[in-house]
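As a plain string of letters, each chain reads:
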Amino acid sequence: MLAINVKKSFHKQHGRLFHLDLSFSVNSGFTVLTGPSGAGKTSLLRMIAGILTPDQGVIELGSTVYFDRERRINIPIQQRNVGFVFQDYALFPHMTATQNIAFGVRTAASADRRAKAEEMLSLFHIEHIADRLPREMSGGEQQRVALARALSCEPRIALLDEPLSAVDIETRGKLLDEIESAQDRAKIPFIYVTHNEAEAARLGTNRIYIRDGLVAAAEIA
Amino acid sequence: MIFEALKLSLLVVSVSTAIVGVVGLGFSYLLAKSSFRGKEFLDAVLTMPLVLPPTVTGYYLIVLLGRRGILGSYIYELTGWSFAFTWEGAVVAAVVVSLPLMIKASRASIESVHPEFETASYTLGKGKLETFLRITLPLARRGIFAGLVLAFARALGEFGATLMIAGNIPGKTQTMPLAIYEAVASGDDHRAQLLALVLTAVSIGAIYLTNKVSRTSFYG
């Protein structure tokens, strides 16, 4: 279970002060975050991952406290073990698909990392692009590599920031299938940010609508 | 004599480029990635030798490291040795004048690496040092390499500051540029020509290398 109760104020572009005050808790399965651009969805994902630090509040995943201002707990990004799929994928441009995926595997032996990367490549049906650099891949292929990389470290939670926004409509349906089956295998919470109503309707076991830094509506199963 | 000057130049330049590579990368990372009080002042101090007349840089080096210098007097007291009139003094001069070129190029290229790549590496469990070595450094390598080549070329041509701190002792501190000056001053045109040709060839090579490297890219 993921329990969030955070506050943060920061200056956005044009110097306007923006207040984020979010609180909800969800079980594993899919949780879809929707809402207008700039409402605070990405900031929330970044706080869960430890990239941004809330001013106040608590973030808990199961029995692990990621952040608790009162108790001065703030687990560093590296130790939170989250699988983050960035909006523009952030695949390392100088590494092949295999190298990108192996980079995230948390074992010491390089043979094990490679084996795990190959396993992930076949799970996402992208063995044929194993030795390609990101710039030699299509948008859908990059997306699959990003997903495989995020899940290769066997994370405790997956955070997906508009993962399909840069993919064409035909590919979108197939990728949604793969994301669903990935969640099914991993059995961890998937927090999924999207603007797309069709995606939200299909994945949304839990749906949270964020507007102006607040939870404006929530449907939690 | 030409051979001696060439040998000494190569020694001074390879040692100074190695030092500039390590020190310059450290400063570039600090300037590109962290914010602290006096950061821009530090940048200004490190960049100064780029605009300062080399003889003035050399004068400050004497004030700092000479036998009676601010630091130099302590070194002399402790060891009986001084940077003045040694090849090590020529290395210091080469480092100081070529460091700004390295820092300018590598700071800019480290800053141009999109921070999201580093963030992604952190979420995958990698620490700051590993992220710098495996992500930032390879992505910034063109600028870093260009900075190294420029620093190498600048160190090879160093004259003014070297003359001030290390003097012009044939076989000991007389690098190629100083040897050219002496050859011309003593009317040895043939030797001057030969030395000038060698330095010109190396400079052209340096420009060719930087241009070649700056054309290859990861980003399609």
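As shown above, the structure is provided for reference.
Residues numbered from 1 in each chain as written. Chains lettered and ligands numbered in written order. Predicted model: local features only at pLDDT ≥ 70, side-chain atom pairs only at ≥ 80, totals over all residues.

**Student:** Explain the overall build of chain A to me, using residue names and the numbers behind them.
**Tutor:** Helix and strand content of chain A: seven helices and eleven strands. Its C-alpha atoms give chain A a radius of gyration of 17 Å, within 12% of the compact-globule value 17 Å for 221 residues. For chain A, the spread of C-alpha atoms along the three principal axes comes to 45 × 40 × 40 Å. Per-residue burial for chain A yields a buried fraction of 45% across its 221 residues. Taking all contacts inside chain A whose residues are at least 6 apart in sequence as the whole, residues at least 24 apart take part in 68%. (Helix = DSSP H or I, 4+ residues; strand = E, 2+ residues; numbered from the N terminus. Rg over C-alpha atoms; globule rule 2.2 N^0.38 Å. Buried ≥ 20, exposed ≤ 12 C-beta atoms within 10 Å, placed from the backbone. Contact = placed C-beta atoms within 7 Å.)

**Student:** Explain the environment of Val-51 of chain B to me, using residue names and the numbers behind them.
**Tutor:** By secondary structure assignment, the location of Val-51 of chain B is in helix H2 (residues 39-51). Along the sequence, Val-51 of chain B and Val-213 of chain B sit 162 residues apart, while their C-alpha atoms lie 26 Å from each other.

**Student:** So what's going on with the interface of chain B and chain A? Residues and values would help.
**Tutor:** Contact residues are listed per partner, giving 16 residues for chain B and 17 residues for chain A. Taken together, the elements giving at least two residues each to the side of chain B that touches chain A come down to helix H6 (115-123) and helix H7 (128-139) of chain B. By residue number, the principal contributor to the side of chain B that touches chain A is H6 of chain B, which donates six residues. Considering only residue class, the side of chain B that touches chain A consists of nine nonpolar, five polar and two charged. (Nonpolar A, V, L, I, M, F, W, Y, C, P; charged D, E, K, R; others polar.)

**Student:** Describe the pairing of strand S9 (residues 190-193) of chain A, naming the residues involved and giving the relevant values.
**Tutor:** For a regular strand, side-chain orientation follows a simple rule: the groups alternate between the two sheet faces. Residue and element names in this part refer to chain A. Residues of S9 alternate between two faces, with Phe-190 and Tyr-192 on one and Ile-191 and Val-193 on the opposite face, all of them buried. Bridge analysis of strand S3 (residues 30-34) against S9 gives four bridges, and the strand direction is parallel. Across the sheet, Leu-33 pairs through a bridge with Val-193, a residue of S9. Of the strand pairs in this sheet, strand S8 (residues 157-161) and S9 are connected by four bridges, and their pairing is parallel. Each residue of the ladder has a partner; that of Ala-158, found in S9, is Phe-190. A crossover links S8 with its parallel partner S9, the connecting element being helix H6 (residues 169-186), and its sense is right-handed. (Pairing = 2+ DSSP bridges. Right-handed = clockwise from strand over helix to strand, strands pointing away.)

**Student:** Kindly report on the nonpolar core, identifying the contributing residues and their values.
**Tutor:** In terms of nonpolar packing, the biggest core is built from 116 residues, with Leu-159 of chain A together with Ala-93 and Ile-165 of chain B touching the most fellow members. For this core, the element with the highest residue contribution is helix H5 (residues 87-111) of chain B, accounting for 14 residues. The residues touching Ile-165 of chain B, leaving out its near neighbours within four places in the chain, are Gly-58, Leu-61, Ile-62, Leu-65, Phe-83, Ala-84, Gly-89, Val-92 and Ala-93 of chain B. (Core = buried A, V, L, I, M, F, W, Y, C linked by C-beta atoms within 7 Å.)

**Student:** Residues and numbers for the packing of helix H1 (residues 2-33) of chain B against helix H8 (residues 141-157) of chain B, please.
**Tutor:** Residue and element names in this part refer to chain B. With their axes 9 Å apart at the nearest point, H1 and H8 run at an angle of 145° to one another. Along this stretch, H1 crosses H8, giving a crossing that reads as right-handed. Residues Ser-9, Val-13, Ser-16, Thr-17, Val-20, Gly-21, Gly-24 and Leu-25 of H1 form the contact with H8, whose participating residues are Ile-144, Gly-147, Leu-148, Ala-151, Phe-152, Ala-155 and Leu-156. (Axes fitted to C-alpha atoms, helices over the stretch in contact; angles between N-to-C directions. Left-handed = near helix turned anticlockwise from the far one by under 90°.)

**Student:** With reference to specific residues and values, describe H7 of chain B.
**Tutor:** Residue and element names in this part refer to chain B. Taken together, the buried positions of H7 are occupied by Ile-135, Thr-136 and Leu-139. Each buried residue of H7 sits inside an arc of 85° when the element is viewed along its axis, so together they form one side. With respect to the buried face of H7, the exposed residues turned more than 90 degrees away are Leu-129 and Leu-133. (Arc of directions from axis to C-beta.)

**Student:** Lay out the environment of Glu-136 of chain A in plain terms, naming residues and giving numbers.
**Tutor:** Residues and elements named next belong to chain A. By the secondary structure assignment, Glu-136 is in the loop between helix H4 (110-123) and helix H5 (139-152). According to the C-beta neighbour criterion, Glu-136 is partly exposed, with 13 such atoms within 10 Å. Between the C-alpha atom of Glu-136 and that of Pro-93, which follows or precedes it by 43 residues, the distance is 10.0 Å.

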